[in-house]
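Structure assessment
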Amino acid sequence: MTRRRLAAPSPLHFAILAALGAALPAQAQQATAETAVTTLDTVKVTARKREESLQDVPVAVTALTAEQLDKLAIKDLGDLQGQVPNLTIYAARGSNTTITTFIRGVGQADPLWGVDPGVGIYFDDVYIARPQGALLDVYDVQRVEVLRGPQGTLYGKNTIGGAVKYVSKPLPTSTEGSVTLAVGNYGQVNAKGGVGTAVNDGQVRFRIAGASLNRDGYGKNLTDGSPVSDQATTSGRVSLGWFPTGSSFNALVSVDRTVDASHMRGFQRLNVNPFDPAKTPATTGRYDIATGMPNANRTTSEGESLTLNWGVTSDWSLKYILAHRASDTNTSIDFDGLPNKIADVRAEYHDSSQSHEIQAAYEGQNSSGVIGLYYFDGRAGGTVRNNFFNLSFGTTNGQVYTEGKAIFGDWSWRLTPQFSVSTGLRYTDESKRAVVLNQAFANDQFSGTPIAVPANFDKTRSVTNTSPRVSLEYKASNAIKLYTTASRGFKSGGYNIRANTLAFPSSGRPFEDEKLDSLEVGAKMILDGGRLELNTALFHNKYKNVQLSVFTSYTQANGQPGFFGDFTNAGKATVQGAEVEFLWTPTTAWRLSGNLATLDAKYDEYIDRGVNVADQKKFTNTPKFQASVNIEHYLPLAVGTLRSRLGVSHRSKVYPTTDLAESLAQEAYTLVNAGLIWEKDSKLSFFLQGANLTNKAYKTDGYNIAALGVLNAYYGAPRTFTVGGTYKF
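Here the structure is a predicted model, which is why all the values come from computation and not from measurement.

1. Focus on empty space enclosed by the protein
Counting across every chain of the model gives 13 cavities of 30 Å³ or more. By volume, the largest cavity is sized at about 290 Å³. Together, 21 residues line the largest cavity, and Tyr127, Tyr155, Tyr374, Phe376 and Arg426 are the ones closest to its centre. Of all the secondary-structure elements, those providing two or more residues to the lining of the largest cavity are β8 (126-128), α5 (152-155), β21 (343-363), β22 (367-388), β23 (392-414) and β24 (419-441). Tallying contributions element by element places β23 first for the lining of the largest cavity, with four residues. Counted by class, the lining of the largest cavity contains nine nonpolar, five polar and seven charged residues.

2. Concerning the side chain of serine 518
Looking at the element boundaries, serine 518 is found in strand β29 (residues 514-527). When near neighbours in sequence (up to four residues on either side) are disregarded, serine 518 contacts Pro150, Thr485, Ala486, Ser487, His540 and Asn541.

3. Observations regarding the side chain of serine 168
You can see serine 168 is positioned in strand β10 (residues 162-168). Of note is the side chain of serine 168, whose polar atom sits 2.5 Å from the side chain of aspartate 124. If sequence neighbours within four positions are ignored, serine 168 has contacts with Asp124, Asp140, Val141, Gln142 and Arg237.

4. Digging into the environment of valine 141
Within the fold, valine 141 resides in strand β9 (residues 141-148). Residue valine 141 is classed as buried on the basis of its relative accessible area, which comes to 6%. Through-space distance from the C-alpha of valine 141 to that of glutamine 151 is 23 Å; in sequence the pair is ten residues apart. If we skip the residues at most four places from it in the chain, valine 141 touches Ala66, Leu69, Tyr166, Val167, Ser168, Lys169 and Arg237.

5. Description of the nonpolar core
Inside soluble globular proteins, nonpolar side chains tend to come together where they are buried. Residues Trp113, Phe335, Tyr703 and Leu708 are the most contacted members of the largest nonpolar core, which totals 31 residues. Where this core is concerned, the elements lending two or more residues are β21, β22, β24, β25 (452-475), β41 (699-705) and β42 (710-715). With four residues, β21 is the largest single contributor of residues to this core. Setting aside residues up to four positions removed in sequence, tyrosine 703 forms contacts with Arg93, Ile333, Phe335, Phe551, Leu664, Val710, Leu711, Asn712 and Tyr714. Residues Ile99, Val119, Val141 and Val144 belong to the second largest nonpolar core, which totals 29 residues.

6. Let's talk about the sheet that holds β9
If you trace the five strands from one edge of the open sheet to the other, you get β3-β9-β10-β7-β8, paired in mixed fashion. Unpaired on one side and paired on the other, β3 (60-65) and β8 mark the two borders of the sheet. With strand direction ignored, the average angle separating the axes of adjacent strands in the sheet is 20°. Sheet analysis places strand β7 (residues 119-123) next to β10, joined by five bridges and oriented parallel. Note that in β10 the partner of tyrosine 122 across the bridge is lysine 165.

What counts and how
In this numbering scheme, every chain counts its residues from 1 along its sequence in written order. With pLDDT at 70 or above as the cut-off, local features in this predicted model cover only qualifying residues; side-chain atom pairs require 80 or more to be listed or tallied, and sums for whole chains, interfaces and linings still use all residues. Working from all heavy atoms in the structure, the side-chain values ignore hydrogens and water. Here a cavity is any set of points on a 1 Å grid over the protein atoms alone where a 1.4 Å probe fits but cannot get out, and a pocket is any open set with protein on both sides within 12 Å along at least 5 of 7 lines; a residue lines the site when it has an atom within 4 Å of a point. Grid points are joined across faces, edges and corners, and a volume is the space filled by probe spheres set on the points. Under the DSSP-based scheme used, a helix requires at least four consecutive residues in state H or I and a strand at least two consecutive residues in state E, with every element numbered from the N terminus. Think of it as three bins: nonpolar holds Ala, Val, Leu, Ile, Met, Phe, Trp, Tyr, Cys and Pro, charged holds Asp, Glu, Lys and Arg, and polar takes everything else, Gly as well. The contact definition used throughout considers only heavy atoms, calling two residues in contact when any of these lie within 4.5 Å. N or O atoms within 3.5 Å of each other form a polar contact, as long as, within protein, one can give a hydrogen and the other can take it, and as long as residues adjacent in sequence are counted only when both atoms are side-chain atoms. The cut-offs for exposure are 20% and 50% of the maximum accessible area for each residue type, with area from a 1.4 Å probe on protein chains only; residues under the lower value are buried, those over the upper are exposed, and the others partly exposed. Definition used in this section: a nonpolar core is a set of buried Ala, Val, Leu, Ile, Met, Phe, Trp, Tyr and Cys residues joined via side-chain atoms within 4.5 Å. At least two bridges found by DSSP between two strands is the condition for calling them paired. The axes used here are C-alpha line fits, helices contributing only the stretch in contact, and every angle between their N-to-C directions lies in the interval 0 to 180 degrees.

What follows is the structure in structure tokens.
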């Protein structure tokens, strides 16, 4: 059933509402003009796998608390873009819940099971190995941490660009909870909340949380009228803990599950497909398509974990984490976006992983640290069925089995009251086995005896890696802390699952591990009497064996055009930049936050058919400049408090795809968001939130495959607004 869409307020309405604090009567303003000021709260993070103040960690970290996430209207991890320096994060093309993440120019946009991500996603200290289902919805959360730069020492492989940590609310010692209901334009109806309690004097603690997120499509399938770019997500998790009285031991069990039953992602066709007999004109809408494929895009992800904590002594503690995660995706990808069969793909992805981690943490008078062991056993695979022109029918099949073992340590020493040093080291031993069977068939049922076998191999690749880190920290004063950090990260190589060894024999060879050596200097400052938090960082990275997914067009043996999904290493690159984050509360009434970031990413060596073409290549998903600012105002009323916010974010030109097509490049753009929250009291509040108020059209991804006549652009969300309320108890 299609819900009636609410009329969206105009950007002018939001601008007026966000400025209410300056337009109310003088007697109301007087309450905000007092000389009273507020100092910033201390934010605790676990970036180094032990709880520390954000300002004490010699790492570039952005931490957003539950309150900040609510005020900024962060609905899922994709909304973090613009709030974190040098972060690009969005839903991958063709999916609502598959994540694409880049930090400081490092990441991976290809979601196929043969390649690993470059930024690690963690849910309550458990690694989510595959991008499918990793675009987590934000609900019942304590905070989200974004660690920038290689995190290889503590978090291991595939954190070469950084890590995103989702930390859910802890188990309570008494009954507490909250529920949020919201509606909006495009038929949006959302409900989320959580409740927890404790029994038997707090020895047994329990928490359950869930979310139902629903929205009509931003576009529709012009073939049958069904929605595209919609949302139908249901998510839930249950946690149970045992905290025996008089003991330093506790045990926690957590189970979570998310089902995304949304339809296909819509896109804009930018050209007339030369293989379309009807010569259908390029579309003008950002989201409407006209597919003849089943309009399905379903992902199920789930996980279970057991965490044991034991305070052995006043200085030493032990932690053991056992976890299992799995996801299944079944999706239609209509590259041509037309009813006829030009480039129709059905893809199934499946993955399952189990991990064990043991940590021994020490907190002493002048030193602290953690040492540990880690084991990972994962399997990822699936089947991709390609129908090109209703003449060429091929499948990509296989599995990748990964077994990794690691030992790590990270330690800090306070040598003098002003000077500290910390070092870390991680040794990883990994084995990756790729079983690939790619076949060509004579019919669109992909049945019978294959007419060709482009790839059939079973290969294993074993690697070891040592990732060190060293940091020097200097406390210039109580307000200023300086640090410099040298670190290394790596991302394991593998085999091209799309290999076509008949046409391209070299495609059966492995691609190499990525390695990144980083030097970073930074300052963390608390100024203006505790009201201004200012963090800065400069970094210089040497990046080797950059893994790139590319499309190569060629002519098949039957004379039909074809394309080949290849995987290559780009050689060497230099990535350097600067970041500034600030949070200022000049009075109890005003709060300003934001960031500035610059990035210079260049290839030093990129060998293509024996020629170094580095000067012709550019990094994808890597704008040279980013900036954002949020202006918040708190106004006491006769009943409750009114909080207003105006947010502006800007990004310079970016290329989303490795072919660097100018038609898919997104020029510099600015987004405007705003919100109002009326807090009646500590329990009840109501909100009005608006995003992309100028209805800016901006590309996030696309496809450019000349052999199939495909040129498509995926766009970010249009102007949206949400109204609702939250009740806490």
